[in-house]
Amino acid sequence: MSYEFEFYHGVALCRLIHDGRVSAIKLYSKENNSAYVINDEIGIYLKYCTKRMSPWQFTFSKVHCDEIFGMIKKFRNTFLVLDCQDDGIACLNTNEIKIVLDHATDRTQGISVALRPREKYGVSGKNGKINYKFSDNFPADIFANI
């Protein structure tokens, strides 16, 4: 039996592997299949949306946020990877994650990724909006500051 998350995570993980700068990928915890560690120093949290067209909505429970912010404390770099069906990937760094997600709340939160024709991805969350657009530069975004 194959699971839907395997398909969407596979896209991101294959891009990482083919980039050539990854020597190891492992699960961050056995409790959640969305969190990974790259080269023992970079945390990535993968979420996907199966909706075919923009805007794509991503939901984060308190447990998800706790894990993401736990990774931020533990690793030098942590990224939130938002897989927008078969359109592309928006990759947020630690500072951007803190703009769109509020770690202090116990409520479920959402992040929206929107794409207009001939533009880049716009990202916003209940906690705020990122004032610039994102290209599908995954995984180059992850290795840019290493």
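Above this text is the structure in question.
My aim in this report is to walk through the structure given alongside it, one point at a time.

## Things to note about the environment of A140
- Within the secondary structure, A140 sits in helix α4 (residues 140–143).
- C-alpha separation for the pair A140 and E96, spaced 44 residues apart in sequence, amounts to 16 Å.

## Quick notes on the packing of aromatic side chains
- A complete count under the given rule lists three aromatic pairs for this structure.
- Ring plane angle 65° and centroid distance 5.7 Å describe the contact between Y28 and F75, whose orientation is recorded as edge-to-face. Note that Y28 is positioned in strand β1 (residues 25–29) and F75 in the loop between α2 (62–74) and β5 (77–84), a separation of 47 residues in sequence.
- Measuring from centroid to centroid gives 5.6 Å for Y132 and F134, while their planes differ by 40°, and the two rings are tilted.

## Things to note about the sheet that holds strand β7 (residues 109–115)
- Here we have four strands laid out as an open sheet, ordered β4-β7-β8-β9, and antiparallel in their pairing. Because the sheet does not close on itself, it has two edges, and the strands there are β4 (56–60) and β9 (128–129).
- Pairing geometry for β7 and strand β8 (residues 121–125), over five bridges, is antiparallel. Paired with A114 across the strands is G122, a residue of β8.

## A closer look at the layout of surface pockets
- Empty space within the second largest pocket amounts to approximately 160 Å³.
- In terms of lining, the second largest pocket is formed by S112, A114, R116, E119, G122, V123, S124, K129, I130, N131, Y132 and K133.
- The set of elements that each furnish at least two residues to the lining of the second largest pocket consists of β7 and β8.
- Among the elements that make up the lining of the second largest pocket, the one with the highest residue count is β8 (three residues).

## Observations concerning the sheet that holds strand β3 (residues 42–49)
- Strands sit in the order β1-β2-β3-β5-β6 across an open sheet of five strands; the sheet is mixed. At either end of the open sheet lies a strand with only one pairing partner, and these are β1 and β6 (88–92). Averaged over all pairs of adjacent strands, the angle between strand axes in this sheet comes to 35°, irrespective of strand direction.
- In this sheet, strand β2 (residues 32–38) lies alongside β1 in antiparallel orientation, the contact comprising four bridges. Bridge pairing in β2 links S29 to N32.
- Along the sheet, helix α1 (residues 4–19) contacts β1, β2, β3, β5 and β6; its crossing angle with β3, the most-contacted strand, is approximately 135°.
- In this fold α2 packs onto β1, β2, β3 and β5, with an angle of close to 155° to the strand it touches most, β3.

## Observations regarding the pattern of salt bridges
- This model, assessed by the stated rule, comprises seven salt bridges.
- Between R76 and E41 there is a salt bridge, and its shortest N-O distance comes to 2.5 Å. Remark: E41 occurs in the loop between β2 and β3 and R76 occurs in the loop between α2 and β5; sequence separation between them is 35 residues.
- A relative accessible area of 31% means that E41 is categorised as partly exposed.
- Connected through salt bridges with shared partners, the residues K62, D66 and D106 form a single ionic network.

## Notes on the pairing of β2
- Across the seven residues of β2, six count as buried, placing the element largely inside the fold.
- Between β1 and β2, which follow one another and run antiparallel, lie two residues.
- Bridge count between β2 and β3: four bridges; the pairing is antiparallel. Within β3, the position partnered with V37 by the bridge is G43.

The rules behind each value
Residues numbered from 1 in each chain as written. Predicted model: local features only at pLDDT ≥ 70, side-chain atom pairs only at ≥ 80, totals over all residues. Heavy atoms only, no water. Helix = DSSP H or I, 4+ residues; strand = E, 2+ residues; numbered from the N terminus. Phe/Tyr/Trp six-rings, centres within 6.5 Å; stacked < 30°, edge-to-face > 60°. Pairing = 2+ DSSP bridges. 1 Å grid on protein atoms, 1.4 Å probe; cavity = no way out; pocket = protein on both sides within 12 Å on 5 of 7 lines; lining within 4 Å. Points joined across faces, edges and corners; volume = space filled by probe spheres on them. Axes fitted to C-alpha atoms, helices over the stretch in contact; angles between N-to-C directions. Contact = heavy atoms within 4.5 Å. Salt bridge = Lys/Arg side-chain N within 4 Å of Asp/Glu carboxyl O. Buried < 20%, exposed > 50% of the residue type's maximum accessible area, 1.4 Å probe, protein only.

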